[in-house]
Amino acid sequence: MTAPVTTPAQPDGEEPDAQQGMILEVRGLTKRFDGLVANKDIDFDIPRRSIVSIIGPNGAGKTTLFNQISGFFEPTEGTIVFDGIPLGGLAPHDVVELGMARTYQNIRLFQNMTVIGNVLVGHHVRMKSQWWQAILGLRSVREEEERSRAYALELLDMVSLSRRYAEDLAKNLPYGDQRRLEIARALASGPKLLLLDEPTAGMNPMETRQMTDLIAKLRRELGLTILLIEHDMKVVMGVSERITVLDYGEKIAEGTPQEIRTNPKVIEAYLGKQATA
Amino acid sequence: MEPLARAAVRRAILVGGVVGAATVYMCMVGLVGAFAARPLIAGVGGEGPGIVTLGLVMLAAVPFLAGMTVASRLRSATTNASGALAVGCAALSGLVGGVLLAAFTLIANAVPLNGVFIPVTPTLVDILTFEQGPVVGPILLTIVATVAGAIGGAIQLLDSRDRRAILSGIGIVLLLALLKPIVDPILAGLELDAVRDFLFSAGGLSQAAAALTLALVVGLSWAWGRPAAPLRDRMRSMPAEHRRRVGLALAAIGIAALLILPQISTGFVSLVLVNVGFYLMLALGLNIVVGYAGLLDLGYVAFYAVGAYTMAILISPSSSLDGPITALVGPEWAFWLAIPIVMLVTALVGILIGAPVLRLRGDYLAIVTLGFGEIARILFGSDALRNWVGGPNGVVGLPNLHLPVLGELTGPGEYFYPVMAFAAFAAFVAWRLSNSRTGRAWNALREDESVAQATGVNTTNYKLLAFALGGTLGGLSGALFAVQLRTVFPGSFLLIVSITVLAIIILGGMGTIRGVIVGALILVGLPDALREFGEYRFLVYGAALVAMMILRPEGLFPSKTRRAELHEDVDVDDRPQLAASGEATA
């Protein structure tokens with residue numbers, strides 16, 4: 001993790017008073033799939049510039065919650081307000097434009113595009129050139145293209161992905177680097193809120209530590225708010241300020257890592273198995 | 001026998017069986033008979049029928065290729081069988097194939113088969129037996145097949161440079177002989193009678209010319225592949241910018257050669273190239289839809305039809321609307337004024353076709369668009385629309401195209417320049433789009449639609465845009481086709497147009513412009529130029545596509561992306577440094 005960081009900071013995160021208040025407010029969120037209730041009446045807030053984790057046993061409804069926040073699924077009931085704007089009825093690409101970006105539990109890169117191509121697709125919403133301008137080859141298009149490429153390379157530095165890979169295909173990257181690339185792609189859309197779905201899944205302890213460092217760095221240097229789904233308790237306890245615990249689709253606890261660790265309901269539902277083991 | 005040899009022999013016999021079946025099939029459908037009528041290399045003195053015919057080449061090529069396949073498997077790094085075993089097995093596969101074909105010859109000789117298989121005539125038997133009678137002939141045939149197989153095997157023993165030199169030598173000689181109907185008129189046009197007399201006679205390529213070409217190509221190819229070839233090394237050591245310039249210069253020479261071609265050759269060549277141009281534009285348009293955005297459209301002919309009919313109705317004085325544009329501005333400018341309207345109409349049709357299929361992916365999209373293509377053709381030919389588009393008779397009487405400086409075009413071959421200009425325009429548009437924000441959004445759509453959307457791509461808009469722009473290029477092609485033919489009728493817009501265009505893209509390499517150009521030349525130019533191929537066009541298409549899918553699924557000129565996608569194993573091996581350094585950073 002030695003790469004220099006030159007990425008433009010996010011203005012929203014920099015202002016001190018913007019740190020007050022919530023960037024995301026979820027109220028009464030319920031998601032049903034036919035008979036199955038995946039999320040039930042969830043209330044949950046994310047303060048600006050914080051790192052918040054959602055934990056819970058497999059099938060607790062963590063990813064479903066994620067998918068609703070990022071606009072992948074329409075909630076059955078309830079509201080999601082992001083940065084003061086209700087997300088009801090917005091398409092995923094609108095949500096991205098508002099400043100939310102995500103990664104996936106099972107890495108979903110554009111496999112047969114280059115590394116830099118992936119990042120540039122991430123930057124799509126912040127670029128302006130239209131198809132007819134591209135055909136005409138306007139100078140504004142070329143300049144934007146150059147700027148975006150430079151920015152994409154800086155993002156590769158940011159996530160400690162060597163620039164040498166820029167023209168390689170995403171699928172040829174080693175596993176850990178694919179996760180980093182996914183984060184770079186998400187960052188390229190200039191998010192205020194970054195949703196990371198199990199960013200350390202399948203990583204060895206060293207890779208996990210590097211990922212934890214990266215997450216902390218993203219908040220520190222870009223002023224991002226980060227929502228994390230994570231299984232690795234060391235990561236969760238180490239990096240997050242607040243933790244929300246889901247079990248069978250319901251929120252059963254919320255609090256600081258210390259509170260969660262000692263919460264009897266959580267121990268029963270989740271950590272309890274580890275505690276007694 | 002040791003296990004390796006046993007497996008090798010078994011495989012050789014299997015391949016031989018395939019060879020036999022393939023050659024017998026070629027005989028039964030009439031390929032061999034038809035191709036035997038095309039002499040490639042003339043007899044001694046250049047008189048009489050050629051000694052090497054296309055039919056003979058095909059008969060020998062099949063066991064030759066089989067021998068190469070068998071031996072290459074045995075000589076691979078993992079197997080590393082002895083040379084004798086490899087050549088022996090290659091010969092064996094040729095022998096098995098030869099015996100099967102000889103057996104077929106004997107049967108055909110004894111039983112009259114041409115009641116069912118019309119091409120199986122005594123003439124065919126004569127060809128297969130080299131006119132040596134029913135005893136010596138089949139033996140000779142078996143020997144030829146065996147020897148061809150053995151040579152195919154032996155060629156694998158050479159190191160790759162020698163092999164490449166010999167194979168390209170043989171390939172170029174055959175190509176030159178095959179292209180005689182095109183090359184000969186060009187030489188005549190250039191008044192290079194001496195060269196012409198040396199190269200060709202009535203029986204095909206002269207033996208001296210064949211030998212000279214072979215020596216030349218083998219020599220050049222060998223020199224180029226030499227470990228320290230001065231020219232190649234200079235090319236490679238050039239900075240990228242220089243290399244790009246050399247590439248551009250070569251492209252410019254190619255384009256210049258193309259541009260003077262109609263001046264120095266017969267109208268026939270221009271006509272073939274005009275047809276290639278139509279398909280090139282279609283393929284470039286479909287490439288946007290299929291290659292860039294990954295939307296498999298099997299009804300692309302609909303755009304061709306809409307473009308052609310729109311142009312016809314707008315400018316033909318005998319159309320249902322009496323050719324409003326021609327009435328307005330006269331025949332000189334009618335085409336040029338109608339072109340933007342055609343583009344607009346086809347773009348709208350693209351959106352109309354795209355809108356209902358937005359939610360469909362893959363196979364479902366393919367089936368529905370297939371239906372759209374047929375609907376378009378049937379609608380244009382229907383009685384319901386007869387009053388507007390003329391039903392089965394179509395629209396006739398389109399005025400000739402007038403070019404700003406060159407004036408009125410009278411013959412269909414004169415459309416060469418405008419068609420090439422429009423094709424170049426289409427290629428330019430496709431190229432500019434491919435390297436843009438738009439192109440990347442399409443690629444993302446092709447790779448993973450949901451993730452593309454969650455990354456910020458408005459998938460609805462970009463799908464519609466792909467259909468609209470792809471449709472516009474197809475419509476332009478149709479509009480030119482209409483004025484060139486001066487008549488538009490539904491029979492021109494069959495399903496096979498969609499299939500041919502898709503085949504061009506697949507053969508050339510999905511998503512690349514260079515590949516599309518080569519694909520159009522091979523799949524449209526070749527069958528048009530060579531009547532023998534024209535007859536068996538679809539058989540050749542099918543065989544070519546199957547062969548491509550097995551040997552080079554990424555197409556002849558693939559994009560970097562496609563190649564990697566389809567050769568995963570190779571790519572990983574090719575990049576040890578990537579994996580290793582990745583380990584270090586991980």
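To keep things clear, this report deals only with the structure shown in the data block.

1. Side note on the interface of chain B and chain A
Contacts between the two partners involve 39 residues from chain B and, on the opposite side, 42 residues from chain A. Summing both sides of the interface, chain B and chain A together bury roughly 3600 Å²; the carbon and sulfur share of this comes to 59%. The element best represented in the side of chain B that touches chain A is helix α20 (residues 437-447) of chain B, accounting for 8 residues. Its residues assigned to classes, the side of chain B that touches chain A shows 15 nonpolar, 13 polar and 11 charged.

2. Focus: the pairing of strand β7 (residues 193-197) of chain A
Residue and element names in this part refer to chain A. With 5 of 5 residues buried, β7 lies mostly within the body of the structure. Across the two faces of β7 the burial is the same, with Leu193, Leu195 and Asp197 and Leu194 and Leu196 all buried. Judged from the 3 bridges that link them, strand β6 (residues 100-102) and β7 form a sheet pairing that is parallel. Bridging across to β7, Arg102 finds its partner in Leu195. Sheet topology note: the β7/strand β8 (residues 225-229) ladder contains 5 bridges and is parallel.

3. Thoughts on the sheet that holds β7(A)
Residue and element names in this part refer to chain A. Strands sit in the order β6-β7-β8-β3-β9-β10 across an open sheet of 6 strands; the sheet is mixed. In the strand order of this sheet, the two ends are held by β6 and β10 (250-255), each with one partner. Between one strand and the next, the sheet's axes are offset by a mean angle of 20 degrees, whatever the strand orientation.

4. A closer look at the packing of helix α1 (residues 3-28) of chain B against helix α3 (residues 54-74) of chain B
Residue and element names in this part refer to chain B. Running from amino to carboxyl end, α1 crosses α3 at an angle of 160 degrees, the nearest separation of the two axes being 10 Å. Between α1 and α3, the interaxial angle falls into the category roughly antiparallel. Handedness of the α1/α3 crossing: right-handed. Of the residues in α3, those in contact with Leu4, Ala8, Arg11, Ala12, Val15, Val19, Ala22, Thr23 and Met26 of α1 are Met58, Leu59, Val62, Pro63, Ala66, Thr69, Val70, Arg73 and Leu74. For the contact of α1 with α3, the residue count by class is 14 nonpolar, 2 polar and 2 charged.

Rules and cut-offs
- Residues numbered from 1 in each chain as written.
- Chains lettered and ligands numbered in written order.
- Predicted model: local features only at pLDDT ≥ 70, side-chain atom pairs only at ≥ 80, totals over all residues.
- Heavy atoms only, no water.
- Contact = heavy atoms within 4.5 Å.
- Buried area = accessible area lost by both parts, 1.4 Å probe.
- Helix = DSSP H or I, 4+ residues; strand = E, 2+ residues; numbered from the N terminus.
- Nonpolar A, V, L, I, M, F, W, Y, C, P; charged D, E, K, R; others polar.
- Buried < 20%, exposed > 50% of the residue type's maximum accessible area, 1.4 Å probe, protein only.
- Pairing = 2+ DSSP bridges.
- Axes fitted to C-alpha atoms, helices over the stretch in contact; angles between N-to-C directions.
- Parallel < 35°, antiparallel > 145°, perpendicular 65-115°, else oblique.
- Left-handed = near helix turned anticlockwise from the far one by under 90°.

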